[in-house]
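# Descriptive analysis of the structure
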Amino acid sequence: MKGLLVRLSRPGGRTDHWSFLFGQIAIHSLIVLIITGVFLAFLYDPDTTQVIYQGAYIPLRGVPVSRAFDSTMEISLEVRGGLLMRQIHHWATLILVAAICLHLLRLFFTGAFRRPRGLNWLIWVGLFLLAIAAGVTGGILPDDMLSGGSLVLIQGVTQSIPLIGTYLTGLLFGGAVPGDQVIALFYWLHVLIVPVLMYELLVARRWLLQRHGRTHYPAATAVPPLSSLALFFATCAVLTLLGTVGQINPIWLYGPANPSITSSGAVPDWYMGFLDGALRIMPAWEPVVFGHPLTLSILIPALIVPGAFFTVLAAYPLIERRLTGDRTLHHVLDRPREAAVRTGLGAAGMTFFGLLWAAAANDQIAHQFDLSLFAVTWFFRIAVLAGPVVTFEVTRRLCLALQAHEREERAHGIETGIIRRSPSGGYAETITASPAQGRIPASQP
């Protein structure tokens, strides 16, 4: 185990800033996912054949359920430590996606994606997408009401694809929805294909890290590296605590999946909230083209917008290099204020994602604050377009103001607020010299 941790998370170099720990936490969460996933895989049955539930949960006895749901109930309520493993596994997924997201933000705002680390940026974007795929496919496996709602959403998104949507739905579900093959298909994606791809990307990341070395902040001081093994055990401890005290996905309360109904107030995991929000606020556009309906109300928010967002995210290093003409090698990180346009774009992207995420609770917001659901929905429709623009300009101006303030301090010193009287009777404020701040360049992406 220690050798695996060293190979994947600390191949050469040292960590000299707390923000470098996000990548390590992501890797350690993935290791926890693999360990708990192996335990669960031996007990779970990805079979949709209907059986009569006769397990330990009395309210569901005599109810027809799938073998997948029955085996998940057995893991949760009858296998010693099974529920703890399930909950640790689920929490580890949430932490994995969050850690990768924070690591990507750190790479973006500090310019750690510039040459020669453009491929490393693509690896982390790929890990982000694979982590989301792992969470979505794993959430389908219990075959409960919550996963049944996710399958209905997947069906709608797949069928909205022009020309080939109906055929793709048939291939995915094996005929009539929900079909009898989708859970088995997602099972193998979840336990084999996605983990193997993530491991291969991490191996490629390790090779790139050994080849190019680590980045560092200006004037970084040498500090003892944090033991990867210690951080791994700390991550395990936090996930175990969450799995012990934080109930998550109690399928016995949801019941088995039923394609004709859905749970009230059901929402996806946090990382899929942006998709739910986009679907909720999208106008009901369904034009007819050559006699065929085009379901833009699903196609745009569920496929076009996320596809464009992640495409721009992956291609951003090339876009910035083309716009700035900067082809030099960079091993020293920027402070976010030093790249006003880039920081503004990052803040705008976070605003766009956050507003879509908040829009997933438009009904709860309307209910809790006694507002019109129609008015709340229109607010988010306007905000997701205007909010990123406003955030970009405000953030850019703040960065430029911070740059100007530092230049002023470097030129004239720092005002202390201490007033002294000279022997001649005059008064003057004491000025101290400004410490070295590193270079403060003109604004650039």
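None of the values given here were measured: they were computed from a predicted structure. (Residues numbered from 1 in each chain as written. Predicted model: local features only at pLDDT ≥ 70, side-chain atom pairs only at ≥ 80, totals over all residues. Heavy atoms only, no water.)

### A word on the overall build of the protein chain
Note the cut-off: Put simply, DSSP marks the helices as runs of H or I at least four residues long and the strands as runs of E at least two long, and each gets a number from the N terminus on. Residue burial is assigned from relative accessible area. The probe radius is 1.4 Å, only protein chains are included, and a residue is buried under 20% of its type maximum, exposed over 50%, and partly exposed in between. What makes two residues a contact is simply this: any of their non-hydrogen atoms within 4.5 Å. Accessible surface is estimated by sampling points in the Shrake-Rupley manner with a 1.4 Å probe; for residues, cover comes only from the protein chains shown. For the purpose of charge, His is not counted, nor are the chain termini; Lys and Arg are scored as positive and Asp and Glu as negative. Note that the charge is assigned to NZ on lysines, CZ on arginines, CG on aspartates and CD on glutamates.
For the protein chain, the helix and strand inventory stands at 15 helices and six strands. Overall, the C-alpha framework of the protein chain stretches about 100 × 55 × 45 Å when taken along its three principal axes. Expressed as a percentage of the 445 residues in the protein chain, the buried residues total 41%. Taking as baseline every contact in the protein chain between residues at least 6 positions apart, the subset at least 24 positions apart corresponds to 72%. In the structure as shown, the protein chain presents an accessible area of about 23100 Å², 67% of it carried by carbon and sulfur atoms. Put simply, the protein chain has 31 plus and 25 minus side-chain charges, and the middle of one group is 14 Å from the middle of the other.

### Section: the side chain of Q155
You can see Q155 is positioned in helix α6 (residues 145–159). We classify Q155 as buried; its relative accessible area is 19%. With residues up to four places along the chain from it excluded, the contact list for Q155 reads T169, F173 and V177.

### With respect to the packing of helix α4 (residues 82–110) against helix α13 (residues 340–359)
Selection rule: Helix axes are fitted only over the stretch in contact, all axes being lines through C-alpha atoms; the angle between N-to-C directions runs from 0 to 180 degrees. Roughly parallel here means an angle under 35 degrees, roughly antiparallel means over 145, roughly perpendicular means 65 to 115, and every remaining angle is called oblique. Ten residue types, Ala, Val, Leu, Ile, Met, Phe, Trp, Tyr, Cys and Pro, are classed as nonpolar, four, Asp, Glu, Lys and Arg, as charged, and the remainder, Gly among them, as polar.
As a packed pair, α4 and α13 sit with axes 9 Å apart at the nearest point and diverge in direction by 150 degrees. Between α4 and α13, the interaxial angle falls into the category roughly antiparallel. Here α4 contributes L105, F108, F109 and T110 to the contact with α13, which in turn contributes R342, T343, G346, A347 and M350. Of the residues contributing to the contact of α4 with α13, the split by class is five nonpolar, three polar and one charged.

### Some words on the packing of aromatic side chains
Formally: Think of it this way: a Phe, Tyr or Trp ring, Trp meaning its six-membered ring, pairs with another when their centres are within 6.5 Å, and the plane angle makes it stacked under 30 degrees, edge-to-face over 60, tilted otherwise. Throughout this description, the term charge over a ring refers to an Arg CZ or Lys NZ atom that lies within 6 Å of the ring centre and within 35 degrees of the ring normal.
Inspection of the entire model under this criterion finds 18 aromatic pairs. An aromatic cluster is present here, built from F108, F109, F113, W121 and Y316 joined pairwise through their rings. Of note, R381 hangs over the ring of W378, and the distance from its end group to the ring centre comes to 4.9 Å.

### A word on α4
What counts here: In this scheme, a helix's expected span is set at 1.5 Å multiplied by one less than its residue total.
For α4, with 29 residues, the first-to-last C-alpha span of 42 Å sits near the 42 Å given by 1.5 Å per residue. Of the residues flanking the end of α4, it is G111, one or two places downstream, whose phi is positive at about 75 degrees.

### A short note on the pattern of salt bridges
We count it as follows: Any Lys or Arg side-chain nitrogen located within 4 Å of an Asp or Glu carboxyl oxygen qualifies as a salt bridge.
Evaluated as defined, the whole model comprises 11 salt bridges. When the shortest N-O distance is used, the salt bridge between R337 and E406 registers 2.5 Å. In this pair, R337 is assigned in the loop between α12 (296–324) and α13 and E406 in helix α15 (residues 373–412), connecting sequence segments 69 residues apart. According to the relative accessible area criterion, R337 is partly exposed, its value standing at 25%. Of the charged contacts, one joins E393 and R397 as a salt bridge, the two residues approaching to 2.7 Å between their closest N and O atoms. Of this pair, E393 and R397 both sit in helix α15, four residues apart, which is roughly one turn of that helix. Of the residues examined, E393 reaches a relative accessible area of 25% and is grouped as partly exposed. Among the ionic contacts, a cluster of salt bridges with common partners joins R114, E320, D334 and R342.

### Re the nonpolar core
Here is the rule we go by: The criterion is simple. A nonpolar core is a set of buried Ala, Val, Leu, Ile, Met, Phe, Trp, Tyr and Cys residues joined through side-chain atoms within 4.5 Å.
Ranked by internal contacts, the top residues of the largest apolar core, which has 59 residues, are L96, I100, W121 and M198. Discounting residues that sit within four places of it in the chain, I100 has contacts with A26, W124, L127, F128 and A131. Within the second largest apolar cluster, 14 residues are counted, among which are A68, L141, L172 and V182.

### A closer look at the environment of L229
Secondary-structure assignment places L229 in helix α9 (residues 228–245). Put simply, L229 and H28 are 201 residues apart on the chain and 9.4 Å apart in space, counted from C-alpha to C-alpha.

### Quick notes on the packing of helix α2 (residues 21–41) against helix α8 (residues 182–212)
The line we're drawing: Here a crossing is called left-handed whenever its near helix is offset anticlockwise from the far helix by less than a right angle, and right-handed whenever the offset is clockwise.
Two elements in contact, α2 and α8, have axes separated by 12 Å at closest approach and are oriented at 150 degrees. The angle between the axes of α2 and α8 places the two elements in the roughly antiparallel class. The chirality of how α2 crosses α8 is left-handed. Within the contact between the two elements, α2 uses I27, L30 and A41 and α8 uses Y187, M198, L202 and R205. Here the contact of α2 with α8 is composed, by residue class, of six nonpolar, no polar and one charged.

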